[in-house]
Amino acid sequence: MVRQTKENAEITRQRIIEAAREAFLSRGVSRTSMEQIATQAGVTRGAIYWHFSNKTELFSAMREQVLLPLIDKMDDNLLIENSDDPLGQIGDFLYGTIQALNECAQTRQTFEIMMVKCEYVEELSQVLEQTLCNCERITKKIEQLYERAKAKGQLKPNDSPTILAMDTHLFFSGLMHLWVKDLDNKHYRSQATEIISNHINLRRK
């Protein structure tokens, strides 16, 4: 009975997150109320507040549902320590992220919300700090792969793994912003793989 109650609670929690994603996507985050999310989810406002203390917490749960698997994939990449092509591993992570955007509507919609439908002010200002922390974590992981690439002789002697990792993160963040906004697939989406390949190849010695 307890197990069933926990399972039902988790189902309700996921339904609320999905309803929030749909509402944020159609109205924007600042214009979406908890009442509207409750209506979208088919639950009471009390049910939402049982799972999430405020809209910021709900937004963070929606965001982490997509970001944490991507960070896990980068961790999996780092576990392959004996790869002969660390630069290729960086490329694989970037390709994989674009593939997730292409294939998973949930991932695509969440990034659209984060990059287009949200103003990081007032109650959501703390989310911006969390986002910057996640960016730093990913950049550090990319830096580790650049360190391996340097040890393998893949980089030019004067190349700094720290600077290259920051450059790659900034490059990819910009590409993702443009990818998300390219709703008609006329500018960046169809060229994303080629653009990433060029970015990685420019780093090879």
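Residues numbered from 1 in each chain as written. Predicted model: local features only at pLDDT ≥ 70, side-chain atom pairs only at ≥ 80, totals over all residues. Heavy atoms only, no water.

Student: When you look at the packing of aromatic side chains in this model, what are you seeing that I'm missing?
Tutor: The geometry of an aromatic ring pair comes down to the distance between the two centres and the angle between the two planes. Taken as a whole and assessed by the stated rule, the structure comprises 2 aromatic pairs. Seen from their ring centres, F24 and F59 are 6.0 Å apart, and the 50° between their planes marks the pair as tilted. On the criterion of sequence distance, the pair formed by F24 in helix α1 (residues 2-27) and F59 in helix α4 (residues 55-79) is long-range, its members being 35 residues apart. For F59, a relative accessible area of 0% gives the class buried. With centroids separated by 6.3 Å and ring planes inclined at 80°, the aromatic side chains of F59 and Y120 adopt a geometry described as edge-to-face. On the criterion of sequence distance, the pair formed by F59 in helix α4 and Y120 in the loop between α6 (105-115) and α7 (125-151) is long-range, its members being 61 residues apart. (Phe/Tyr/Trp six-rings, centres within 6.5 Å; stacked < 30°, edge-to-face > 60°. Helix = DSSP H or I, 4+ residues; strand = E, 2+ residues; numbered from the N terminus. Buried < 20%, exposed > 50% of the residue type's maximum accessible area, 1.4 Å probe, protein only.)

Student: Explain the nonpolar core here, please?
Tutor: Within soluble globular proteins, side chains that are nonpolar tend to cluster in buried spots. In this structure, I37, F59 and F111 are the most contacted members of the largest nonpolar core, which totals 56 residues. Top contributing element to this core by residue count: α4, with 10 residues. Contacts of F111, omitting those with residues within four sequence positions, involve V66, L67, L70, L101, M176 and V180. (Core = buried A, V, L, I, M, F, W, Y, C linked by side-chain atoms within 4.5 Å. Contact = heavy atoms within 4.5 Å.)

Student: Explain the layout of surface pockets here, please?
Tutor: Vacant regions in the atomic arrangement are exposed by a probe of water-molecule size rolled over the atoms. Approximately 500 Å³ is the volume attributed to the largest pocket. If you go around the largest pocket, you meet 21 residues; those closest to its centre are M115, T131, C135, H169 and S173. Mapped onto the lining of the largest pocket, the elements with two or more residues apiece are α4, α5 (86-103), α6, α7 and α8 (161-181). When residues of the lining of the largest pocket are assigned to their parent elements, the largest contribution, 7 residues, is made by α7. Per-class residue counts for the lining of the largest pocket are 15 nonpolar, 6 polar and no charged. There is about 150 Å³ of room inside the second largest pocket. In this structure, the second largest pocket is lined by C135, E136, T139, K140, E143, T162, M166, H169 and L170. At the level of secondary structure, the elements contributing two or more residues to the lining of the second largest pocket comprise α7 and α8. For the lining of the second largest pocket, the element with the highest residue contribution is α7, accounting for 5 residues. (1 Å grid on protein atoms, 1.4 Å probe; cavity = no way out; pocket = protein on both sides within 12 Å on 5 of 7 lines; lining within 4 Å. Points joined across faces, edges and corners; volume = space filled by probe spheres on them. Nonpolar A, V, L, I, M, F, W, Y, C, P; charged D, E, K, R; others polar.)

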